[in-house]
Protein chains: 2
Amino acid sequence: MLLCDVGNTSYDFLDNVRHFKENVISFDPRTIKQKVYYICVNPKVKKILTSLDNWIDLASYIDMSPYYETMGIDRIVACEYVQNGVIVDAGSAITVDVVKDGSFVGGYIYPGVKAMQKSYANISKALEYEFNYELNLDIIPKNSQDAISYGYLKLLHLEVTSHKMDIILTGGDAKRLASIFPQAKIEEELLFHSMNKIIKKARLC
Amino acid sequence: MLLCDVGNTSYDFLDNVRHFKENVISFDPRTIKQKVYYICVNPKVKKILTSLDNWIDLASYIDMSPYYETMGIDRIVACEYVQNGVIVDAGSAITVDVVKDGSFVGGYIYPGVKAMQKSYANISKALEYEFNYELNLDIIPKNSQDAISYGYLKLLHLEVTSHKMDIILTGGDAKRLASIFPQAKIEEELLFHSMNKIIKKARLC
């Protein structure tokens, strides 16, 4: 049995404990013959996967009524795993979702690290900096690198901590954001944990 | 006498009470024969202007010691006019500067409306929305348009209001942001007011 989280750019597989990634453009999912439980935010790939008998879409085993129609399945699956907390999933976008007593309260979307850096650089060459993750968030900056770092990181930090709940960091940039959320729990495997929970609950294996 | 604020894309003139704009690429500043007091954030244009006798750079009449070296002259001039407050200048970037008792405390930079909308759209077609400025900032969203609007606007709102000071809105998108800062004072002519103050203080005319 394989687990697979399909994003916009890659297939992210978990084979018991081994992780591996495949590129969305070059990889042919028909080459996999064993059973794959997957979630998929990529509409093009989803079309192919639904035609394959051994690829089982876990979305159909989730009660979708607490969520909204256009909400990404990755966000939904993350929320399904958490009882109380703010889930910060830092990928190409940063999604922030709040779950209280096992119920989805709401969520929002913020540009991911790369997207935001590009956004600043496109405004002006003078704003082309890497973010400073060691920034002191309590001091309003007096230099350009910190001025964009604060604009990106402090604003996110203020909102996320305003809920006064546990913070769960996941996604490819979880470790980068850990320095501004020292109190957060890093759960890089959050989606796979949740997929396993859904499989068990639905008695799929 | 003319006042001129040169940005990355345009010359913004004030002739007593009349406003007019000229494109940075197509406009030749040599065609103006009267005295022009200007500020300029555009390095290419600045090179030309310093060679013209009737164009007077107001930057040389400001005490720069409270500010930092790479800080835009437009931000500095805005700070020079304010005694106490948070200045939100919403242009291609949104700059936020805090002034207390006439002293610059610090500031930061956030992408402007267009840049941020483009940033979301580049991440995914599914995030290609106009921002909803009528959004209720007290409710965590449950739909895609509000999820990106909250990500952009609420995060800015939280930081700006956290200073518990007067808010001064300026720049081309000041009116758009007014709905999320109903308590703010809109000062579209802030830079020109400040330039006049600097001219008077330096007894230039």
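Heads up: these notes are all about the structure in this document. (Residues numbered from 1 in each chain as written. Chains lettered and ligands numbered in written order. Predicted model: local features only at pLDDT ≥ 70, side-chain atom pairs only at ≥ 80, totals over all residues. Heavy atoms only, no water.)

## Describing the overall build of chain A
Secondary structure summary: chain A contains six helices and 10 strands in total. A globule of 205 residues ought to have a C-alpha radius of gyration of about 17 Å, and chain A, at 18 Å, matches this closely. By principal-axis analysis of the C-alpha atoms, chain A measures approximately 60 × 40 × 30 Å. Each of the 205 residues in chain A was classed as buried or not, and the buried ones make up 56%. Long-range pairs, those at least 24 residues apart, make up 43% of the contacts in chain A between residues at least 6 apart in sequence. Carbon and sulfur atoms form 49% of the exposed surface of chain A, whose accessible area is close to 9,900 Å². Averaging the positions of the 23 positive and the 25 negative side-chain charges in chain A gives two centres separated by 2 Å. (Helix = DSSP H or I, 4+ residues; strand = E, 2+ residues; numbered from the N terminus. Rg over C-alpha atoms; globule rule 2.2 N^0.38 Å. Buried < 20%, exposed > 50% of the residue type's maximum accessible area, 1.4 Å probe, protein only. Contact = heavy atoms within 4.5 Å. Areas by Shrake-Rupley, 256 points an atom, 1.4 Å probe, with all protein chains shown as cover. Lys, Arg positive; Asp, Glu negative; His and termini not counted. Charge placed at Lys NZ, Arg CZ, Asp CG, Glu CD.)

## Structural notes on the nonpolar core
Counting residues in each nonpolar core, the largest one holds 129 residues, and the members touching the most others are Tyr-110, Leu-156 and Leu-177 of chain A together with Tyr-110, Leu-156 and Leu-177 of chain B. With near-sequence residues (within four places) excluded, Leu-156 of chain B lies in contact with Leu-155 of chain A together with Ile-94, Val-96, Tyr-108, Tyr-110, Leu-177 and Phe-181 of chain B. (Core = buried A, V, L, I, M, F, W, Y, C linked by side-chain atoms within 4.5 Å.)

## Quick notes on the side chain of Asp-146 of chain A
Within the secondary structure, Asp-146 of chain A is located in helix 4 (residues 144–162). Despite being buried, Asp-146 of chain A has no salt bridge partner; Arg-75 of chain B is the closest side chain of opposite charge, sitting 11 Å away. Dropping the residues within four chain positions of it, Asp-146 of chain A is found in contact with Asn-132, Leu-135 and Pro-141 of chain A. (Salt bridge = Lys/Arg side-chain N within 4 Å of Asp/Glu carboxyl O.)

## A short note on the pairing of strand 2 (residues 10–15) of chain B
All names here are of chain B. The element strand 2 is extensively covered by neighbouring structure, given that five of its six residues are classed as buried. The pairing of strand 1 (residues 2–6) with strand 2 spans four bridges and is classified as antiparallel. Note that in strand 2 the partner of Val-6 across the bridge is Tyr-11. Counting the residues between successive antiparallel strands, the hairpin from strand 1 to strand 2 contains three residues. (Pairing = 2+ DSSP bridges.)

## A short note on the relation of the copies chain B and chain A
Superposition record for chain B on chain A: RMSD 0.0 Å, screw rotation 180 degrees, translation along axis 0.0 Å. In short, the pair behaves as if placed about a two-fold rotation axis. Taking the C-alpha atom as reference, chain B places Leu-155 of chain B closest to the rotation axis, 2.6 Å from it. The residues that chain B uses at the interface reappear at the interface of chain A in 100% of cases, marking a shared surface. (Least-squares fit on C-alpha atoms with pLDDT ≥ 70 in both.)

## Comments concerning the sheet that holds strand 1 of chain B
All names here are of chain B. Strand order in this open sheet of five strands is 3-2-1-4-5, and the pairing throughout is mixed. Of all the strands in the sheet, just strand 3 (18–23) and strand 5 (55–57) have a single pairing partner and so form its edges. Taking the axes of each pair of neighbouring strands and ignoring which way they run, one obtains an average angle of 25 degrees across the sheet. One ladder, built from five bridges, connects strand 1 with strand 4 (residues 36–40); its direction is parallel. (Axes fitted to C-alpha atoms, helices over the stretch in contact; angles between N-to-C directions.)

## Notes on the pairing of strand 9 (residues 167–170) of chain A
Residue and element names in this part refer to chain A. Judged by which residues are buried, strand 9 turns out to be covered on both faces: Ile-167 and Leu-169 on one side and Ile-168 and Thr-170 on the other are all buried. Direction of pairing for strand 6 (residues 85–90) relative to strand 9: parallel, over a ladder of four bridges. By the bridge assignment for strand 9, Val-86 is matched with Ile-167. Where strand 9 meets strand 10 (residues 185–186), two bridges bridge the pair, whose relative direction is parallel. Note on strand 10: the bridge partner recorded for Ile-168 is Lys-185.

## A look at unusual backbone geometry
All names here are of chain A. Residue Asn-16 is not a glycine yet carries a positive backbone phi of 55 degrees. As for its position among the elements, Asn-16 is in the loop between strand 2 (10–15) and strand 3 (18–23). By relative accessible area, which is 68% here, Asn-16 ends up exposed. The phi torsion at Arg-203 lies on the positive side, around 50 degrees, for a residue other than glycine. In this fold, Arg-203 is placed in the segment after helix 6 (190–201). For Arg-203, a relative accessible area of 76% translates into the label exposed.

## Points about the sheet that holds strand 8 (residues 103–111) of chain B
Residues and elements named next belong to chain B. Taking strand neighbours across the sheet as the criterion, the five strands line up as 8-7-6-9-10 in an open arrangement whose pairing is mixed. Every interior strand has two partners, whereas the edge strands, strand 8 and strand 10 (185–186), have only one. Taken together, the eight bridges between strand 7 (residues 93–100) and strand 8 define a ladder with antiparallel strand orientation. By the bridge assignment for strand 8, Asp-97 is matched with Gly-107.

## Regarding the interface of chain B and chain A
Taken residue by residue, the interface counts 37 residues in chain B and 37 residues in chain A. At the junction of chain B with chain A, the criterion picks out zero salt bridges. Where chain B touches chain A, the interface holds 12 residue pairs in polar contact (both at pLDDT 80 or more). Here the element with the most residues in the side of chain B that touches chain A is helix 4 (residues 144–162) of chain B; it accounts for 11 residues. Partitioning the side of chain B that touches chain A into residue classes produces 23 nonpolar, 11 polar and three charged. (Polar contact = N/O pair within 3.5 Å; in protein donor to acceptor, adjacent residues only side chain to side chain. Nonpolar A, V, L, I, M, F, W, Y, C, P; charged D, E, K, R; others polar.)

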